[in-house]
Amino acid sequence: GGLCQDDPNFLFHNGKKHPKIGKSCASYVGRVDKKGLLQRRCHRSTGIMSSEDDTAAVELLIKDFCKQSCGLCSGDSGGGDEFFTEEETEIIKEQIVKEVGDGMLEVSEEVQELTSTSFSGNWSDAEDQIMNEEEVLEELEEELEEDKEFLIEDNEDIVEKIAEAQADDDGVMAEEKEEYIGELVEELQEDSEIAEELEVLEEGLEVVEEVEEELEEAEELEEAEESEDATDPSDEDAPSVGEDDDVPDYFVPLTPKEREEMKGKLRDTLLQTKNALRMSASADNRMAVTDNQRTLVLSTTSPKQFMHMHHMKTGGTSVDGLISCALRRQRELHNGTSINYGRMSECGSGVHMCMQTLADKLGATLSNNVFYRNDENGAQIDDAPFDPADETDTSIDEMNICRSSESNVMSYCASLHAVRTFGWKDVDKITVIRNPIDRAWSMYRFTLKSCYDCQQLKDVLKQIYNGTFVSRRGRGKTDNEEDNSEVVPNLLYEPNNSCAVQLIGHQSTNLLSSVDLYNIANDVRFPMEADIVQEAIKNLREDFTWIGLTDRIQESVEGFRQIFPFLAENLNNATKVMEEEFQSRGEDLEDNTFALPEGYSDKKSCPFEHRNAGHAPTCGTTELDDETKELIMKLNSRDMAVYKAAVERFELQMEVLQDYKDGNL
């Protein structure tokens, strides 16, 4: 054979993203010192075929050109092995998690540097900054893509192992096989969580790209703003959405009697918290506390204590951040024992994957997040949807799908339908509701490029309304499009088509618990809108312990902290305030620390921080006009009814808190 060495003429081009930038073996793999990353790069396709003869040609990999750098020469060790051991796989996953953390730090610093240059108004310096740091971003994007590819392959491997274990009749005890399959499912869940973190990093990189475009196109944007009043001839060809139609108002306020009943319920909620705190301040009574989520110290053994329902672009990520901080603090209180914090999101793959696991266990079919019974041949019975929480012989708690039953605290970015499915219906819940116009505008800006490809918001809304919307993510083949053929109107969007359904009364959809209404919630003909509003508002009023409003977020967080003291900004300060409250009512406390460990000092306070904020658009719609607002309302009239109900309830909550403060409770 010939010399074992790197091909000196080889240059690797990273697909279509950077066709003009080529990397040699030495620069792409030779300098990599992480085994997992080295192996992934060496087994990456080059897009080059081994022969012009189609029958014999195979696609060549990086290792075919970079033999020495990939460790294929005698005496070398590197990326040449075709398969990873289980230990190597775990190490690689740990490396991926670390890369995500490091990557987010680099992205944050990149945004800060670029935007600070932007604000200085020195566009020449900004352009130099972009050129100097472009290679850093390329490297981050390359590692991100490789990490995602690795996770996909790992997922496929795990799914194959599960299928083999289920099919293999090798005499292994059923319990042992079930335990093995359970471990594999947990691995899938872990991969899903890592994948969601990678999505966050990917969004961060998109922010950087948007900032770069803002700098590069500043002069063009100024010219566009000057000609903003010019008529867009394409509007004449836009589909009609019935501009003359009145937007219905579905909101029905509470009667005086109903208001007093709700206020009484809210009083009981607040007093339940005060009673739990009172018991926690007594050495004799604190062990009898059953609602630890209403005290300063959560239980590490009691599952399903507290839940946050997260609607995208309502401030939910900031609330999740507060919860995460509070739970890290709880770990200190329990000498390193963690509170189990579970998360499921319809926007990622978590909810769907866990629902599919449950469907497989029940011998049912999952379609668009709804469960259907199967006939004797295993085929779906279309007219037999059901809710596993109501009708299974084995309880959802016993199944412990995706560890949902053992979680102490949960954040669901999903509907109440999903919450019920996993057995969290009767748990203490909070949620934050937002004015639907503000929320739609924020959602549009947040996913302007990834979903809407810089289209004008009014055009996106018209397409959704007429069933012709195809997101940027779904270009090529979606539920509305096959290959490159003309888009065929489809007025019922799939619930996992996030780019569309997030703009169709999505807060109301999340508040639905019945399968029948959930099934038609994304039908833009709105056949049962009044029923959807009625159920959504009923659940908002009855199923949630306390709620907040995005446009009054600080007051909302203070309310959450009153009902759930473990969310306090500083636990030591909270004990002083609570002690004064009880003393003002003539109550002496045995323990004025309310069961905090002796000598505990809260050095990790948890202030409420704004996270996942939107950013000014650099393309598409830059300012809302009346026509766009009307279009938002046509798709979100039910969300406006829910918002009005939320404002009504929020005001009653504030009245109850004030009554307590004034000593009238």
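Preceding this section is the structure that the text describes.
This write-up is about the structure you can find in this document. Predicted model, so just to flag it, every value in this text is computed and none were measured. (Residues numbered from 1 in each chain as written. Predicted model: local features only at pLDDT ≥ 70, side-chain atom pairs only at ≥ 80, totals over all residues. Heavy atoms only, no water.)

Bringing the overall build of the protein into the picture now. Across its full length, the protein holds 22 helices and twelve strands. In the protein, the proportion of contacts linking residues at least 24 apart, taken out of those at least 6 apart, comes to 72%. In the form shown here, the protein has an accessible surface area of approximately 32800 Å², with 45% of it arising from carbon and sulfur atoms. (Helix = DSSP H or I, 4+ residues; strand = E, 2+ residues; numbered from the N terminus. Contact = heavy atoms within 4.5 Å. Areas by Shrake-Rupley, 256 points an atom, 1.4 Å probe, with all protein chains shown as cover.)

Turning our attention to the packing of aromatic side chains. For the structure shown, the criterion picks out nine aromatic pairs. Relative to Phe594, the ring of Phe582 has its centre 6.0 Å away and its plane inclined at 35 degrees; by these criteria the two rings are tilted. Of the two residues, Phe582 is situated in helix α21 (residues 571-584) and Phe594 in the loop between α21 and α22 (626-661); the sequence distance between them amounts to twelve residues. For the residue pair Phe582 and Phe594, the accessibility class agrees, reading buried in each case. These aromatic residues form a ring-pair network of at least three members: Trp441, Tyr444, Tyr452 and Phe469. The cationic tip of Arg373 hangs over the ring face of Phe386; the distance from NZ or CZ to the ring centre is 4.4 Å. In this structure, Arg585 packs its charged tip against the face of Tyr660, placed 3.8 Å from the ring centre. (Phe/Tyr/Trp six-rings, centres within 6.5 Å; stacked < 30°, edge-to-face > 60°. Buried < 20%, exposed > 50% of the residue type's maximum accessible area, 1.4 Å probe, protein only. Lys NZ or Arg CZ within 6 Å of the ring centre and 35° of its normal.)

We now examine unusual backbone geometry. In this model, Phe594 sits at a positive phi of 55 degrees, which is unusual for a non-glycine residue. Here Ala595, not a glycine, exhibits a phi torsion of approximately 75 degrees, which is positive. Mapped onto the elements, Ala595 comes out in the loop between α21 and α22.

Bringing the state of the cysteines into the picture now. Disulfides are covalent bonds that connect the sulfur atoms of two cysteines. With the rule as written, the count across this model stands at seven disulfides. In this model, Cys4 is linked to Cys73 through a disulfide, with the two sulfur atoms separated by 2.0 Å. Disulfide Cys4-Cys73: torsion about the S-S bond near -90 degrees, hence left-handed. Here Cys4, found in the segment before β1 (12-13), pairs with Cys73, found in the loop between α3 (62-65) and α4 (86-120); they are 69 residues apart in sequence, far enough to count as distant. With a sulfur-sulfur separation of 2.0 Å, Cys25 is cross-linked through a disulfide to Cys66. What sets the handedness of the Cys25 and Cys66 disulfide is the S-S torsion sign, and at about -75 degrees it is left-handed. Here Cys25, found in helix α1 (residues 25-30), pairs with Cys66, found in the loop between α3 and α4; they are 41 residues apart in sequence, far enough to count as distant. (Disulfide = S-S within 2.5 Å.)

Spanning 14 residues, α21 covers 20 Å between terminal C-alpha atoms, matching the ideal 20 Å at 1.5 Å per step. Those residues of α21 not exposed but buried are Leu571, Ala574, Thr575, Met578, Glu581 and Phe582. An end-on view of α21 places all buried positions within 125 degrees of arc, on one side of the element. The exposed residues of α21 that point more than 90 degrees off its buried face are Lys576, Glu580 and Ser584. (Expected span 1.5 Å × (residues − 1). Arc of directions from axis to C-beta.)

A few words now on the nonpolar core. Residues Tyr412, Tyr452 and Ile464 are the most contacted members of the largest nonpolar core, which totals 73 residues. Looking at this core, the element that brings in the most residues is α22, giving eleven residues. With residues up to four places along the chain from it excluded, the contact list for Tyr452 reads Met443, Tyr444, Thr447, Val460, Phe469, Cys499 and Leu503. Core analysis: the next-biggest nonpolar cluster, separate from the first, contains 30 residues, Leu266, Cys325, Ile563 and Val656 among them. (Core = buried A, V, L, I, M, F, W, Y, C linked by side-chain atoms within 4.5 Å.)

Moving on to the pairing of strand β9 (residues 380-386). Sheet analysis places strand β8 (residues 370-374) next to β9, joined by three bridges and oriented antiparallel. If you follow Tyr372 over to β9, its bridge partner there is Pro385. Hairpin connection between β8 and β9: a loop of five residues separates the two successive antiparallel strands, and Gly378 in this loop has a positive phi of roughly 85 degrees. (Pairing = 2+ DSSP bridges.)

This part covers the pairing of strand β5 (residues 306-309). Residues of β5 alternate between two faces, with Phe306 and His308 on one and Met307 and Met309 on the opposite face, all of them buried. As paired strands, β5 and strand β10 (residues 409-413) are joined by four bridges and run parallel to one another. The partner of Met309 across the bridge, within β10, is Tyr412. As paired elements, β5 and strand β11 (residues 429-433) share three bridges and run parallel to each other. Bridge assignment links Met307 to a residue of β11, and that residue is Lys429.

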